[in-house]
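Architecture at a glance
One letter stands for each residue in the lines below.
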Amino acid sequence: MQVQNSYYWFKSALSKEQCQKIINLGDTKLQNIKKSGGTTEATTFGDNHKQAFEKAGKEVIAQKDATVEELKKEVGENVNIEQERYVRDSEVCWFDDRWLYDLIHPFLRIANKEAGWKYEWDFSENFQFTKYHKGGFYGWHADGNSCHYGRYKRYIPGVSPTTKDGGIPKGYTTNPHMVNKVRKLSITINLNEPGEYDGGNLKFDFGPHAGKERFHECVEIRPQGSIIVFPSYVYHQVTPVTRGTRYSLVLWSLGKPFV
């Protein structure tokens, strides 16, 4: 899908105090999960995150900041890249605090209108708090395909399919507000000051048709508290953090598929 504005951003939209509050909440939640014996590793439905490679005894090699074309040259044209290079390494936890929605939704509404998308949406998922340590990254992906094939299906215990470990598979949900909807708009918020880490930039791939403008590294959202909104079908990544720790908050908003 071609749009005039591929993303919309707000510089330093949240205050230093608001950002620090979110970081403190996230760090505390991550610590509590670990203390209770849980895991905070960011997973993927294809089991191509770092910890899955380690558990499977695979050679642990990251995709890092490489295009699909570059990766194919490394692993071979006919090799499944996702089975040879892991795509994600970070820690995550989730928030559903009402005050966070009240804080962030106004920016989403403004961006949706001013960018000219005017997508219909009526529900947002839980916030994902993400912590990237040195070496952490998230390779190329889209948050959703936004068409009817991307609709969330209702998960019915004992009836719906499950993952190998008995979990809910990709594309299914237990939340009735998400059934038959797709991700339409994605939001990423940079929570810490740019001097606290190197690397870790949000980077877009607008496709071959964009020519020299195909890849764009969003350094404009490096200031603390900056917010970026973009259609969920746009391919993007977080480049590897080379120094320090990067904190971010992510949200996906859903609606009926495009027709």
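You'll find the structure just up there.
Below: a short report on this structure. The structure presented is a predicted model; accordingly, all values stated were derived computationally and were not measured.

Before going further, it helps to examine the overall build of the protein. Regarding its fold elements, the protein presents five helices and 16 strands. Taking 2.2 N^0.38 as the reference for a compact globule, 259 residues should give roughly 18 Å; the C-alpha atoms of the protein span a radius of gyration of 18 Å, in line with that estimate. The proportion of buried residues among the 259 residues of the protein is 49%. Taking the intrachain contacts of the protein between residues at least 6 apart in sequence as the baseline, contacts between residues at least 24 apart amount to 81%. Total accessible area on the protein stands at roughly 13600 Å², and carbon and sulfur atoms take up 49% of it. If you average the places of the 35 positive and of the 31 negative side-chain charges in the protein, the two averages end up 4 Å apart.

Under the counting rule described, the total for this entry stands at 13 salt bridges. The partner of arginine 85 in a salt bridge is glutamate 74, and the shortest N-O contact between them spans 3.4 Å. Taken together, the positions of arginine 85 in the loop between α4 (81-84) and β2 (88-89) and glutamate 74 in helix α3 (residues 68-75) put the pair eleven residues apart, joining distant regions of the chain. The class of glutamate 74 is exposed, set by a relative accessible area of 52%. Across the pair arginine 98 and aspartate 102 runs a salt bridge, and its minimum N-O distance is 3.5 Å.

Turning our attention to the environment of lysine 11. Secondary-structure assignment places lysine 11 in the loop between β1 (8-10) and α1 (16-35). Classification of lysine 11 by relative accessible area gives exposed; the value is 58%. The sequence separation of lysine 11 and aspartate 143 amounts to 132 residues, and the corresponding C-alpha distance is 23 Å.

In this section: unusual backbone geometry. Even without glycine at this site, lysine 64 takes up a positive phi of about 55°. Considering the arrangement of structural elements, one finds lysine 64 in the loop between α2 (50-56) and α3. Here lysine 64 falls in the partly exposed class, since its relative accessible area comes to 47%.

The next point concerns the packing of aromatic side chains. Applying the stated criterion to the full structure yields 14 aromatic pairs. On the numbers, 5.7 Å between centres and 50° between planes, the contact of tyrosine 86 with phenylalanine 137 is tilted. On the criterion of sequence distance, the pair formed by tyrosine 86 in the loop between α4 and β2 and phenylalanine 137 in strand β6 (residues 137-141) is long-range, its members being 51 residues apart. With respect to class, tyrosine 86 is no different from phenylalanine 137; both count as buried. Seen in terms of ring centroids, tyrosine 119 and phenylalanine 258 are 4.8 Å apart; in terms of plane orientation they differ by 70°. Their pairing is edge-to-face.

Looking now at the state of the cysteines. Here the structure, examined in full by the defined rule, presents zero disulfides. With no disulfide partner, cysteine 19 has as its closest neighbouring cysteine sulfur the one in cysteine 93, 15 Å distant. For cysteine 19, a relative accessible area of 0% puts it in the buried group.

At a minimum axis distance of 13 Å, the contact between α1 and helix α5 (residues 98-114) shows a crossing angle of 140°. For the element pair α1 and α5, the recorded crossing hand is left-handed. Where α1 approaches α5, its residues Gln18, Lys21, Ile22 and Leu25 are matched on the opposing element by Trp99, Leu100 and Leu103. Grouping the amino acids of the contact of α1 with α5 by side-chain chemistry returns five nonpolar, one polar and one charged.

What counts and how
Residues numbered from 1 in each chain as written. Predicted model: local features only at pLDDT ≥ 70, side-chain atom pairs only at ≥ 80, totals over all residues. Heavy atoms only, no water. Helix = DSSP H or I, 4+ residues; strand = E, 2+ residues; numbered from the N terminus. Rg over C-alpha atoms; globule rule 2.2 N^0.38 Å. Buried < 20%, exposed > 50% of the residue type's maximum accessible area, 1.4 Å probe, protein only. Contact = heavy atoms within 4.5 Å. Areas by Shrake-Rupley, 256 points an atom, 1.4 Å probe, with all protein chains shown as cover. Lys, Arg positive; Asp, Glu negative; His and termini not counted. Charge placed at Lys NZ, Arg CZ, Asp CG, Glu CD. Salt bridge = Lys/Arg side-chain N within 4 Å of Asp/Glu carboxyl O. Phe/Tyr/Trp six-rings, centres within 6.5 Å; stacked < 30°, edge-to-face > 60°. Disulfide = S-S within 2.5 Å. Axes fitted to C-alpha atoms, helices over the stretch in contact; angles between N-to-C directions. Left-handed = near helix turned anticlockwise from the far one by under 90°. Nonpolar A, V, L, I, M, F, W, Y, C, P; charged D, E, K, R; others polar.

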